[in-house]
Amino acid sequence: MLDNYKKILVGLDGSVEATKAFDKAVATALRNDAELVIANIIDLRAFQSISAYDSVVADDTHKGAENLIRDFADDAQKAGVKSVKTRVEFGSPKVMLGQTLPKEENIDLIVLGATGLSYIERIFIGSVADYIIKNAPCDVLVVRQ
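Residues numbered from 1 in each chain as written. Predicted model: local features only at pLDDT ≥ 70, side-chain atom pairs only at ≥ 80, totals over all residues. Heavy atoms only, no water.

The name recorded for the protein in an unreviewed UniProt entry is Universal stress protein, from Lactococcus allomyrinae. What UniProt states about the protein under its Sequence similarities (unreviewed entry) heading is, verbatim, "Belongs to the universal stress protein A family." (UniProt positions renumbered as here; feature names shortened; annotations may be inferred.)

(A) Expanded view of helix α3 (residues 93-105). In this model, α3 (13 residues) spans only 16 Å end to end at C-alpha, well below the 18 Å of a helix rising 1.5 Å per residue. Pro93, Lys94, Met96, Leu97, Gly98, Leu101, Pro102 and Glu105 are the residues of α3 that are buried. Residues of α3 that are buried sit in contact with β1 (7-11), β2 (35-43), β3 (84-91), β4 (109-113) and α5 (128-135). Just beyond α3, the residue with positive phi is Asn106, at close to 55°. (Helix = DSSP H or I, 4+ residues; strand = E, 2+ residues; numbered from the N terminus. Expected span 1.5 Å × (residues − 1). Buried < 20%, exposed > 50% of the residue type's maximum accessible area, 1.4 Å probe, protein only. Contact = heavy atoms within 4.5 Å.)

(B) Quick peek at the side chain of Asp43. Note on placement: Asp43 falls in strand β2. Taking the relative accessible area as the measure of exposure, Asp43 reaches 19% and is therefore buried. Once you skip the residues sitting within four places of it in the chain, Asp43 turns out to touch Gly91 and Pro93.

(C) Spatial organisation of the pattern of salt bridges. Inspection of every chain in the model, using the stated rule, returns 8 salt bridges. In this structure, the salt-bridge partner of Lys82 is Asp33, at a minimum N-O distance of 3.6 Å. Residue Lys82 is found in the loop between α2 (55-79) and β3, and its partner Asp33 is found in the loop between α1 (16-32) and β2; the two are separated by 49 residues along the sequence. For Asp33, a relative accessible area of 52% translates into the label exposed. Here Arg87 ties to Glu104 by a salt bridge, and the two come within 2.7 Å at their closest N and O atoms. A residue pair is termed long-range when its members are at least 10 positions apart, and Arg87 in strand β3 and Glu104 in helix α3 qualify at 17 residues. Owing to a relative accessible area of 13%, Arg87 belongs among the buried residues under this scheme. With relative accessibility at 48%, the residue Glu104 sits in the partly exposed group. The structure contains a network of salt bridges with shared partners spanning Lys7, Glu35, Lys85, Arg87, Glu89, Glu104 and Glu105. (Salt bridge = Lys/Arg side-chain N within 4 Å of Asp/Glu carboxyl O.)

In structure tokens, the structure reads:
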């Protein structure tokens with residue numbers, strides 16, 4: 001990577017793959033003296049079966065995501081990343097990580113973990129990583145291991 005990245009976005013969902021992506025994003029931020037934006041997107045599809053979008057469940061989910069992201073932000077700062085920002089949003093992870101947040105935050109590198117979706121899930125849902133690779137306005141690094 002010859003580019004000098006200034007603002008790096010990493011999407012976290014609590015998975016092993018996302019944790020590996022976080023580690024790579026921290027290392028890249030340190031190498032480039034870049035700001036790290038850590039995001040968790042709460043997929044609205046998870047609330048489709050809850051009647052009338054139960055605000056208690058949504059609030060609890062949001063608080064849990066904020067706690068998760070805060071722990072990662074603390075780890076990034078302890079590792080030496082000087083500037084860390086967190087975002088917890090409701091929406092489509094594909095669109096939020098692949099288009100909305102990169103534009104809002106002026107991101108020049110997105111780091112994400114390769115997912116473990118099955119073939120059937122990719123057909124009906126589609127891979128978040130695949131969507132981001134095809135639609136992101138900046139470089140994308142997909143971490144596999």
